[in-house]
Structures are given as structure tokens and as C-alpha cells.
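Given next are the chains, with one letter for each unit.
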Amino acid sequence: MILFEHLKCPLHRYTFSVKPVRDWVERRCNGRVLNLFAGPTLLAVNEVRNDLDPLMPADYHLDAVTFLRKWDGPPFQTIILDPPYAIRKSMELYNGMICSPFRQLKDEIPRCLSPGGSVITFGYHSIVMGTSRRFNLERLALFSHGGAIHDTIATVERYQP
């Protein structure tokens, strides 16, 4: 069974700066958390932060695929994906640099995630990791921003190797 939630909140270029979104994601994080596109907002979780922008408060400033490929530490129990939702947004947020190809990113995640761990994704799509990578969709949230602004879709998918 998939749990569905609908929340109304403003839109902000930094997703987790919006309190209802930040609260929602913090409640769904377990254990050690990897935030691959961290941005400026510190979450109240046990977070390892990566952001390509060297001006962001992060532990690492690497392209997300490069980070995953180089990671040799213990696996994470939760991985948060909140990449720019379009190439144009990527270039705006990262000063003309385009962030990781998303398919390559998704293919690298299982190596860095504990069995039974979860991937929390924000974007315009409801299936991200998918059953072909042995993930099951558990939760879907729709953040409505009002007017002609696109909704943000958040998913929680559980890794079942």
C-alpha cells in the first residue's frame, strides 16, 4: 500500500527552507542520512552533506555521481535527492554547471545504501529509483504551491535487495 499526502506550502528555490517541506523530510529520515544536493538548509538529522556549489555549507563539494562513486564509508540508511528539476535550473543554481546525469546517479545509489534503507526524492516524477533497481514505492507526497506553479512531488522508496 502506498501512503499519499497532500500539503499546501509556498515554493522556494531551496526546497528545505520551507518549513512544511523540511518537517516532512526530517520525519522520514532514519539513521545516517546522505543529502546529495544539500543546499543551504541544515536538516535536524544525522546528515552528511554534499553540494556542488562550494559556497554551500556542505561536507563535500562534488558532483553527485562522483561523490557516490568515490564513497568508501559505511552505507547510509537514508539518501535524499533534491536535484535541480531541469537543466535550466541546474545551470542557474550551479553557476552554469550542469549537475549529474540522473540515470547514472540512480544506478550508483544502491552501492551506498543499506538494505532496507530509503531514498527520498523531490522533483516532478513519482517513480525515481524503480523496481528494476529493487526499490518499492512506500509514500507519495504532493506539495501544492498554488496558482500556475508546478506542484512538487516527493517520494519515499525502500531498497529491497
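Everything below is about the structure shown above.
This text gives an overview of the structure that appears in the document. It should be emphasised that the depicted structure is a prediction, and the values quoted were computed from it without experimental measurement.

What follows is about the overall build of the chain. Along the backbone of the chain there are 4 helices and 7 strands. Helices (α) and strands (β) of the chain occur, in sequence order from the N terminus, as β-α-β-β-α-β-α-α-β-β-β. For 161 residues, the compact-globule formula gives about 15 Å, and the C-alpha radius of gyration of the chain, at 15 Å, lands near that figure. For the chain, the residues scored as buried account for 50% of the 161 residues in total. Taking the intrachain contacts of the chain between residues at least 6 apart in sequence as the baseline, contacts between residues at least 24 apart amount to 61%. Of the roughly 8,100 Å² of accessible surface on the chain, 56% is carried by carbon and sulfur atoms.

Right, let's talk about the side chain of R49 for a bit. Note on placement: R49 falls in strand β3 (residues 46-49). A distance of 2.6 Å separates the side chain of R49 from the backbone oxygen of P57, its partner in a polar contact. When near neighbours in sequence (up to four residues on either side) are disregarded, R49 contacts N35, A38, G39, P40, T41, L42, L43, P57, A58, D59 and Y60.

The sheet built from 7 strands is open, its strands ordered β1-β6-β7-β5-β4-β2-β3 with mixed pairing. The open sheet has two free edges, formed respectively by β1 (3-8) and β3, since each of these has just one partner strand. On average, each strand axis in the sheet is tilted by 20° relative to the strand beside it, whichever way the strands run. As paired elements, strand β5 (residues 113-123) and strand β7 (residues 152-159) share 6 bridges and run antiparallel to each other. The partner of V119 across the bridge, within β7, is E157. In the packing of helix α1 (residues 19-28) onto the sheet, the strands contacted are β1, β4 (76-81), β5, β6 (135-144) and β7, and the crossing angle to β5 comes to about 170°.

This part is about the environment of K106. Along the chain, the position of K106 falls in helix α4 (residues 102-108). Given the relative accessible area of 15%, K106 is considered buried. Sequence-distant contacts of K106, defined by excluding residues within four places in its chain, comprise V128, M129 and R133.

On to the nonpolar core, then. Membership of the largest hydrophobic core comes to 21 residues, with the highest contact counts inside it found for L36, I79, L81 and I109. Going through the elements one at a time, α2 (64-70), β4 and β5 are the ones with two or more residues in this core. It is α2 that contributes the most residues to this core, 4 residues altogether. With residues near it in sequence (within four places) discarded, L36 still touches N50, D51, A64, F67, L68, I79, I80, L81 and L105. If you look at the next biggest cluster of nonpolar residues, it comprises 17 residues, including L7, C9, W24 and V156.

Phi at R134 takes a positive value of approximately 70°, unusual for a residue other than glycine. Tracing the chain through its elements places R134 in the loop between β5 and β6. By relative accessible area, which is 47% here, R134 ends up partly exposed.

All told, the structure shown has 9 aromatic pairs when counted by the stated rule. An angle of 90° between the planes, with centres 5.7 Å apart, marks the rings of W24 and F143 as edge-to-face. With W24 in helix α1 and F143 in strand β6, the pair connects residues that are 119 residues apart, well separated along the chain. You can call W24 buried: its relative accessible area is 0%. Look at F143 and you get buried, because its relative accessible area is 0%. Between F67 and W71, the ring centres sit 5.4 Å apart and the planes meet at 20°, which makes this aromatic pair stacked. The class for W71 is buried, based on a relative accessible area of 11%. Each residue in the set F16, W24, F122 and F143 is aromatic and connected to the rest through ring pairs, giving one cluster.

Definitions and cut-offs
Residues numbered from 1 in each chain as written. Predicted model: local features only at pLDDT ≥ 70, side-chain atom pairs only at ≥ 80, totals over all residues. Heavy atoms only, no water. Helix = DSSP H or I, 4+ residues; strand = E, 2+ residues; numbered from the N terminus. Rg over C-alpha atoms; globule rule 2.2 N^0.38 Å. Buried < 20%, exposed > 50% of the residue type's maximum accessible area, 1.4 Å probe, protein only. Contact = heavy atoms within 4.5 Å. Areas by Shrake-Rupley, 256 points an atom, 1.4 Å probe, with all protein chains shown as cover. Polar contact = N/O pair within 3.5 Å; in protein donor to acceptor, adjacent residues only side chain to side chain. Pairing = 2+ DSSP bridges. Axes fitted to C-alpha atoms, helices over the stretch in contact; angles between N-to-C directions. Core = buried A, V, L, I, M, F, W, Y, C linked by side-chain atoms within 4.5 Å. Phe/Tyr/Trp six-rings, centres within 6.5 Å; stacked < 30°, edge-to-face > 60°.

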